[in-house]
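# Observations on the three-dimensional arrangement
Here are the chains, one letter per residue:
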Amino acid sequence: MNDAATPGRDSSDSPGTPDTPDAPLLDTAPDGTPPSRRSVLRTTAGVAGAGIAFGALGAGQAAAAGAAGAEPAAPPRQGRTMAGVPFERRSTVRVGIIGLGNRGASMIDLFLAQPGVRVVALCDPVRTKAESAAARVTAAGQPAPALYTRDEDDYAQLCARGDLDFVYVATPWETHFAMAKSAMLNGKHVGVECPVAMRLDELWALVDLSERTRRHCMQLENCCYGRNEMRVLRMAHAGLFGELLHGAGAYNHDLRELMFSPDYYEGPWRRLWHTRLRGDLYPNHGFGPVANYLDVNRGDRVVSIASFGTPALGLAEYRKAHMPPSDPSWKESYIGADRTISMLRTAQGRIIRLEHDVSTPHPYSRINSLGGTRGVFEDYPARIYVEPDHTDHRWGDFARYAEWDHWLWKEHANPPGGHGGMDYLMVFRLMQCMRLGLVPDFDVYDAATWTAPVPLSHASIRAKGMPLAVPDFTRGEWRKARTGMDSDKPSA
């Protein structure tokens, strides 16, 4: 969850000097001269315009285009693919963190726990949050980090530092695009809490900028590192479910109390998204793991989405029961569907169901289901039925399949940190890949694909559930099988 404030800066800080060489910031021209930053911005702006043009289609026009299979043409590639591109090997990974609310502050100790990682700079406009986070850095035995707390735009000063390798973004959703863009333009790899952006043109712009700057832009989807998710992934790739047919994921989580809390989020930013979009605001937790099972962008891809939404009643009903008439929330009109259901189709004919519901009473569930010709797994609670192990039409005990645990979970049986240890494993693996010069487990194409349901589900619901085309952010690279989350343990 992204629940930090939008960050700022402290004028007493100045950029440092890099102590390790880095790869070139931009692709070189035929004569060997790298293009200017201005040219990259101009190119990105042009691609963004193409995305806006698609987003500006009337609901009926967009639905008709999707239903007819007339996918909007991908903008021409401006750089080189980032599929399979490794990080530059480095002995120390120098990290800057933007956003120190609930999520950002909870992740600091996980970065500090990794070997060969230094937290160099912190950014948040709430000075007390930055100071509290800095105290944890020094308590861990590291030098005091630079603080950027002047205003909401001071993240740009952090990104401009010369002594950072990686920028971690944990801020309100509407700020993610600008911060990821700033990090890459300044030569930094960037990891962003989900969703990575809120508009289709922004997703294309991040893809193009990653390719141009040769910097990874990653959706830091922690649920991909859950123990059940990683076990199912290995079982699926080993063929235990037979030929894969369908999957399902969700973010069904009653957030009403938190969204109306004056303290949990820094302002009402998350609740306000329910006044702007009708679709699935948070698809990544459910979509990411299922996309991994089905090798989306690594042998298959999602080609269309059709979304449906219920009336938006839950937040208004909660407000009526719990908020005084003087509360500012009474000025808000909610349009976000209480329950959104999206059906996605892949190039190989598989079906993915996504759900989103944060405004009605419901026990927490990400559904996390996978089915094939030999059986099915369903989570919440975890249960399995696969042939020939099960033939009595009764669910089997998923705990009996612990032998299929991913090597990360075998190496870290009881990882520290939140969300059952998945946060720690995500940070551990990312920092490991950066230190050893490995290809990351997921890339900008995954980030764009997993987030595309945000704008597309909204458009599909407005079009009465008609299917819309999902762009091929890889521009054809999806046809090439390649590794992802189901990685081998590095020999180093």
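Residues numbered from 1 in each chain as written. Predicted model: local features only at pLDDT ≥ 70, side-chain atom pairs only at ≥ 80, totals over all residues. Heavy atoms only, no water.

Per an unreviewed UniProt entry, the recorded name for the protein chain is Glycosyl hydrolase family 109 protein, and the organism is Streptomyces yaizuensis. Among the UniProt annotations of the protein chain, the heading Cofactor (unreviewed entry) holds the following wording: "NAD(+)". (UniProt positions renumbered as here; feature names shortened; annotations may be inferred.)

Bringing the overall build of the protein chain into the picture now. When helices and strands are counted, the protein chain shows 16 helices and 14 strands. A separation of at least 24 residues holds for 78% of the contacts in the protein chain among residues at least 6 apart in sequence. (Helix = DSSP H or I, 4+ residues; strand = E, 2+ residues; numbered from the N terminus. Contact = heavy atoms within 4.5 Å.)

With that settled, consider the sheet that holds strand β6 (residues 217-219). Strand order in the open sheet made by the six strands is β3-β2-β1-β4-β5-β6, with parallel pairing throughout. The open sheet has two free edges, formed respectively by β3 (146-148) and β6, since each of these has just one partner strand. On average, each strand axis in the sheet is inclined to that of its neighbour by 25 degrees, with strand direction left out of account. Against the sheet, helix α4 (residues 127-139) engages β2 (117-123) and β3, with an angle of about 165 degrees to β2. (Pairing = 2+ DSSP bridges. Axes fitted to C-alpha atoms, helices over the stretch in contact; angles between N-to-C directions.)

Our focus in this paragraph is the sheet that holds strand β14 (residues 468-469). The mixed open sheet is built from eight strands, whose spatial order is β13-β12-β11-β7-β10-β9-β8-β14. Each end of this open sheet is capped by a strand with a single partner; those strands are β13 (383-386) and β14. Note that strand β12 (residues 375-378) and β13 share four bridges and pair antiparallel. Bridged to Val-376 within β13 is Tyr-385. Sheet strands in contact with helix α11 (residues 284-293) are β7 (244-252), β8 (302-309), β9 (340-346), β10 (351-357) and β11 (369-372), and its direction is about 160 degrees off that of β7.

The next subject is the environment of Ala-402. Assignment of secondary structure puts Ala-402 in the loop between β13 and α13 (407-411). For the pair formed by Ala-402 and Arg-227, sequence separation is 175 residues and the distance between their alpha carbons is 9.6 Å. If we ignore the near neighbours within four places in the chain, the residues touching Ala-402 are Arg-231 and Lys-410.

Within the secondary structure, Arg-231 sits in helix α8 (residues 227-237). Setting aside residues no more than four positions away along its own chain, Arg-231 makes contact with Phe-398, Ala-399, Tyr-401, Ala-402, Trp-404 and Asp-405.

Between helix α15 (residues 444-451) and helix α16 (residues 453-462), the shortest axis-to-axis distance is 6 Å and the interhelical angle comes to 25 degrees. The pairing of α15 with α16 is recorded here as roughly parallel in orientation. Between α15 and α16, the contacting residues are Thr-449, Trp-450 and Thr-451 on the first element and Pro-453, Val-454 and Pro-455 on the second. Looking at the contact of α15 with α16, its residues break down into four nonpolar, two polar and no charged. (Parallel < 35°, antiparallel > 145°, perpendicular 65-115°, else oblique. Nonpolar A, V, L, I, M, F, W, Y, C, P; charged D, E, K, R; others polar.)

Burial analysis of α15 places eight of its eight residues in the buried class, which makes it a mostly covered element. Val-444, Tyr-445, Asp-446, Ala-447, Ala-448, Thr-449, Trp-450 and Thr-451 are the residues of α15 that are buried. Along its buried surface, α15 packs onto α7 (200-213), β6, α11 and α16. If you check the start of α15, you find a side-chain oxygen 3.1 Å away from the backbone N of Tyr-445, and it comes from Asp-443. (Buried < 20%, exposed > 50% of the residue type's maximum accessible area, 1.4 Å probe, protein only. Polar contact = N/O pair within 3.5 Å; in protein donor to acceptor, adjacent residues only side chain to side chain.)

Here the amide bond leading from Tyr-380 into Pro-381 is cis, since omega sits at 0 degrees, within 30 degrees of zero. The phi torsion at Arg-214 lies on the positive side, around 60 degrees, for a residue other than glycine. With respect to the secondary-structure elements, Arg-214 resides in the loop between α7 and β6. Located in the positive-phi region is Asn-368, a residue other than glycine, with phi close to 50 degrees. Here Asn-368 lies in the loop between β10 and β11. Overall, the relative accessible area of 2% leaves Asn-368 in the buried class.

The tally for this structure, following the rule as stated, stands at 17 aromatic pairs. Ring plane angle 45 degrees and centroid distance 4.5 Å describe the contact between Phe-377 and Phe-398, whose orientation is recorded as tilted. Linking Phe-377 in strand β12 with Phe-398 in the loop between β13 and α13, this pair joins segments that are 21 residues apart in sequence. As far as the burial class goes, Phe-377 and Phe-398 line up, both buried. Between Phe-442 and Trp-450, the aromatic rings sit 5.5 Å apart at their centres with planes inclined by 70 degrees, giving edge-to-face as the arrangement. Assigned by exposure class, Phe-442 and Trp-450 land together as buried. An aromatic cluster of three or more residues is present, and its members are Trp-173, Tyr-251, Tyr-264, Tyr-265, Trp-269, Trp-273, Tyr-282, Tyr-364 and Tyr-380. Here the guanidinium or amino end of Arg-383 rests over the ring plane of Trp-395, the centre of that ring lying 5.1 Å away. (Phe/Tyr/Trp six-rings, centres within 6.5 Å; stacked < 30°, edge-to-face > 60°. Lys NZ or Arg CZ within 6 Å of the ring centre and 35° of its normal.)

Between α8 and α11, whose axes approach to 9 Å, the crossing angle comes to 25 degrees. Considering their axes alone, α8 and α11 lie roughly parallel with respect to each other. Here the hand of the crossing between α8 and α11 comes out right-handed. In this structure, α8 contributes Glu-229, Val-232, Leu-233 and His-237 to the contact, and α11 contributes Pro-289, Asn-292 and Tyr-293. Here the residues of the contact of α8 with α11 sort into four nonpolar, two polar and one charged. (Left-handed = near helix turned anticlockwise from the far one by under 90°.)

The share of residues in the protein chain with pLDDT of 70 or more is 85%, and the mean pLDDT across the chain is 88. In the model, residues 1-69 has pLDDT below 50 throughout and makes 177 contacts with residues more than four positions away in sequence or in other chains. (pLDDT = per-residue confidence, 0-100.)

Okay, the pairing of β9 next. Every second residue of β9 is oriented toward a common face, the buried set being Thr-340, Ser-342, Leu-344 and Thr-346 and the non-buried set Ile-341, Met-343 and Arg-345. With seven bridges connecting them, β8 and β9 associate as antiparallel partners. Bridge assignment links Ala-306 to a residue of β9, and that residue is Met-343. Of the strand pairs in this sheet, β9 and β10 are connected by six bridges, and their pairing is antiparallel. Looking across to β10, one finds that Thr-340 is bridged to His-356.

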